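Close look at the chain arrangement
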Amino acid sequence: MIQHLTEIVEEARKKGKKRLAVAYGQDSHTLAAVYDAYKEGLVEPTLYGDKAVIEQVCAEQGIDIAAFNIVDEKSDVKCVQLAVASVVGGNADVLMKGLVSTDKYMRGILNKEAGLFPPKGVLSHVSIVEMPCYPKLLVISDVAVIPLPDFKQKQKQIGYLAQTAKLLGIKTPKIACIAPSEQLLPNVISSTEGALLAKMADRGQLGDVIVDGPLSLDVALYKEVAEHKKVKGSAVAGDPDCLLFPNLESANVFFKAASHLCHGELAAMVMGTKVPCVLTSRGDSSKTKLYSIALACLAAK
């Protein structure tokens, strides 16, 4: 079982190089991360961007430009279109966001005519968090895509969490539905839906997973808190593999706190598309970007 993000890189390397299409890949952070992934033996990268800018940045950063296949295009929107067409056409295995804004990147992914996003699909963001202050990896959703997931979307998110956990070697992942309290509060949607999802999982309706909810974050993460609050009979409380957050705000706050306050490292990807899509923030570290590329490569067919 994978217990550290560095092991994701090792496992992805074993699968052989994946073809990576980078949309508007011309900033120093993206180029450094993609170059690192190339040197790790993970990817054969194609950059869609302004070739003159790419050459300048590579020269300034000491990056060997020979590592990249470059498609010269100055328009960020056009770069996204070309990169998406590449993966849809079977010429690339993984899509990655470069300097282009997230909204333009997502519009390119969601474009029905492009063919990357299936009809009636659910697009969601999944992250793996490693923190020095916590003893295991945590798979979390959704910090970036769905602002307020409805009940059906939460069922899909549980499926994505389970798929990602299984990439780590966790056969039956334990998933905590996070709410303000472990008490069932009828007027709080995250509370009632957490309970419903837990019952569905008990009946085998959500696949090979163990789900419990509602659980407050402290009860979910710490066994001693669960015992102190007299939460009994839970296989998840105190030992979750995955956290399903009720909305984007709460997930994003946890994500940023884990990264900046707890000095955590992350790996993240967008799921629900025909191929894994790397979506990282400009504020993410180069390690986070490398780990995210590795995760997407591990998930790619």
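Each remark here, short or long, concerns the structure printed above.
So, here's what we can say about the structure. Keep in mind that this is a model prediction, so the values were computed, not measured.

1. Re the overall build of the chain
For the chain, the count of helices and strands is eleven helices and eleven strands. At 20 Å, the chain has a C-alpha radius of gyration in line with the 19 Å of a compact globule built from 301 residues. Across its three principal axes, the chain shows a C-alpha extent of roughly 60 × 40 × 30 Å. Among the 301 residues that make up the chain, the fraction classed as buried is 53%. Pairs at least 24 residues apart make up 70% of the contacts formed inside the chain by residues separated by at least 6 positions. A total of about 13,600 Å² of accessible surface is found on the chain, and carbon and sulfur atoms cover 52% of it. Here the chain contributes 34 positive and 33 negative side-chain charges, whose respective centroids are spaced 6 Å apart.

2. Things to note about the pairing of strand β5 (residues 124-130)
The buried fraction of β5 amounts to six of the seven residues, a majority that puts the element mostly inside the structure. With three bridges joining them, β5 and strand β6 (residues 138-141) adopt antiparallel strand pairing. If you follow I128 over to β6, its bridge partner there is V139.

3. Focus: the packing of helix α2 (residues 28-39) against helix α11 (residues 286-299)
It is the contact of α2 with α11, at a shortest axis distance of 9 Å, that shows an interaxial angle of 50°. What the angle tells us is that α2 and α11 run oblique. Classified by chirality, the crossing of α11 by α2 is right-handed. From α2, H29, T30, A33, V34, D36 and A37 reach across to α11, where they touch S286, K289, L290 and I293.

4. A look at the nonpolar core
Residues I8, F68, V211 and I293 are the most contacted members of the largest nonpolar core, which totals 60 residues. It is α11 that provides the largest number of residues to this core, a total of eight residues. With residues up to four places along the chain from it excluded, the contact list for F68 reads L31, V34, Y35, P45, L47, C58 and I63.

About the criteria used
Residues numbered from 1 in each chain as written. Predicted model: local features only at pLDDT ≥ 70, side-chain atom pairs only at ≥ 80, totals over all residues. Heavy atoms only, no water. Helix = DSSP H or I, 4+ residues; strand = E, 2+ residues; numbered from the N terminus. Rg over C-alpha atoms; globule rule 2.2 N^0.38 Å. Buried < 20%, exposed > 50% of the residue type's maximum accessible area, 1.4 Å probe, protein only. Contact = heavy atoms within 4.5 Å. Areas by Shrake-Rupley, 256 points an atom, 1.4 Å probe, with all protein chains shown as cover. Lys, Arg positive; Asp, Glu negative; His and termini not counted. Charge placed at Lys NZ, Arg CZ, Asp CG, Glu CD. Pairing = 2+ DSSP bridges. Axes fitted to C-alpha atoms, helices over the stretch in contact; angles between N-to-C directions. Parallel < 35°, antiparallel > 145°, perpendicular 65-115°, else oblique. Left-handed = near helix turned anticlockwise from the far one by under 90°. Core = buried A, V, L, I, M, F, W, Y, C linked by side-chain atoms within 4.5 Å.

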